[in-house]
Amino acid sequence: MKQGIHPENYRLVVFKDMSNDEMFLCKSTAETKDTIEFEGQEYPLIKMEISSTSHPFYTGKTKLVDTAGRVDKFMNKYKKFAK
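The rules behind these values
Residues numbered from 1 in each chain as written. Predicted model: local features only at pLDDT ≥ 70, side-chain atom pairs only at ≥ 80, totals over all residues. Heavy atoms only, no water. UniProt positions renumbered as here; feature names shortened; annotations may be inferred. Buried < 20%, exposed > 50% of the residue type's maximum accessible area, 1.4 Å probe, protein only. Helix = DSSP H or I, 4+ residues; strand = E, 2+ residues; numbered from the N terminus. Pairing = 2+ DSSP bridges. Contact = heavy atoms within 4.5 Å. Phe/Tyr/Trp six-rings, centres within 6.5 Å; stacked < 30°, edge-to-face > 60°. Core = buried A, V, L, I, M, F, W, Y, C linked by side-chain atoms within 4.5 Å.

- As recorded in an unreviewed UniProt entry, the protein chain goes by the name Large ribosomal subunit protein bL31B, listed as coming from Epilithonimonas pallida.
- Per UniProt, the protein chain has the following entry under Subunit (unreviewed entry): "Part of the 50S ribosomal subunit."
- UniProt, in its Sequence similarities (unreviewed entry) section for the protein chain, records the words "Belongs to the bacterial ribosomal protein bL31 family. Type B subfamily."

Dropping the structure here:
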């Protein structure tokens, strides 16, 4: 590995999947101002919309994730072309 190109400031961070409230603890350099208590200790919190616990590829379930009504907007826009 090349020397001097990798970050040195790894710390434990909680990642939270906002679609199903699953959380996991991992080392990261990502910056955040949010914190959460996890397993009795306070950790920085990174919020995610999707993770391996909610992604259809990993779960085998089809799930429609609608962010800010994008699907409804698309359906209304192309409703006139439906047969």
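We are not done yet, so read on.
1. Thoughts on the pairing of strand E1 (residues 11-17)
No. 1: Of all 7 residues in E1, 5 are buried; the element is thus mostly enclosed.
No. 2: Across 6 bridges, the pairing between E1 and strand E2 (residues 23-28) is antiparallel. Paired with Phe-15 across the strands is Phe-24, a residue of E2.
No. 3: In this structure, the hairpin formed by E1 and E2 is closed by a connection of 5 residues, where Asp-21 is found at a positive phi of approximately 65°.
No. 4: Taken together, the 4 bridges between E1 and strand E4 (residues 41-48) define a ladder with parallel strand orientation. The residue bridging Phe-15 from the neighbouring strand is Ile-46, located in E4.

2. As for the side chain of Asp-17
No. 1: Along the polypeptide, Asp-17 turns up in strand E1.
No. 2: Classification of Asp-17 by relative accessible area gives buried; the value is 1%.
No. 3: Ignoring anything within four residues of it in the chain, the contact list for Asp-17 reads Glu-22, Met-48, Glu-49, Ile-50, Ser-51, Thr-53 and Ser-54.

3. A few points about the pairing of strand E3 (residues 35-38)
No. 1: Only one face of E3 is covered, namely the one carrying Ile-36 and Phe-38; the face carrying Thr-35 and Glu-37 has none of its residues buried.
No. 2: Judged from the 4 bridges that link them, E3 and E4 form a sheet pairing that is antiparallel. Residue Ile-36 lies in a different strand from E4, and its bridge partner there is Tyr-43.

4. Re the packing of aromatic side chains
No. 1: Applying the stated criterion across every chain yields a total of 1 aromatic pair.
No. 2: Taking the centre distance of 5.5 Å and the plane angle of 15° together, the rings of Phe-15 and Phe-24 count as stacked.

5. A word on the nonpolar core
No. 1: Counting residues in each nonpolar core, the largest one holds 5 residues, listed as Val-14, Ile-36, Phe-38, Tyr-43 and Leu-45.
No. 2: Those elements that place two or more of their residues in this core are E3 and E4.
No. 3: Residues in contact with Leu-45, not counting those within four places in the same chain, are Val-14, Lys-16, Thr-32, Asp-34, Thr-35 and Ile-36.

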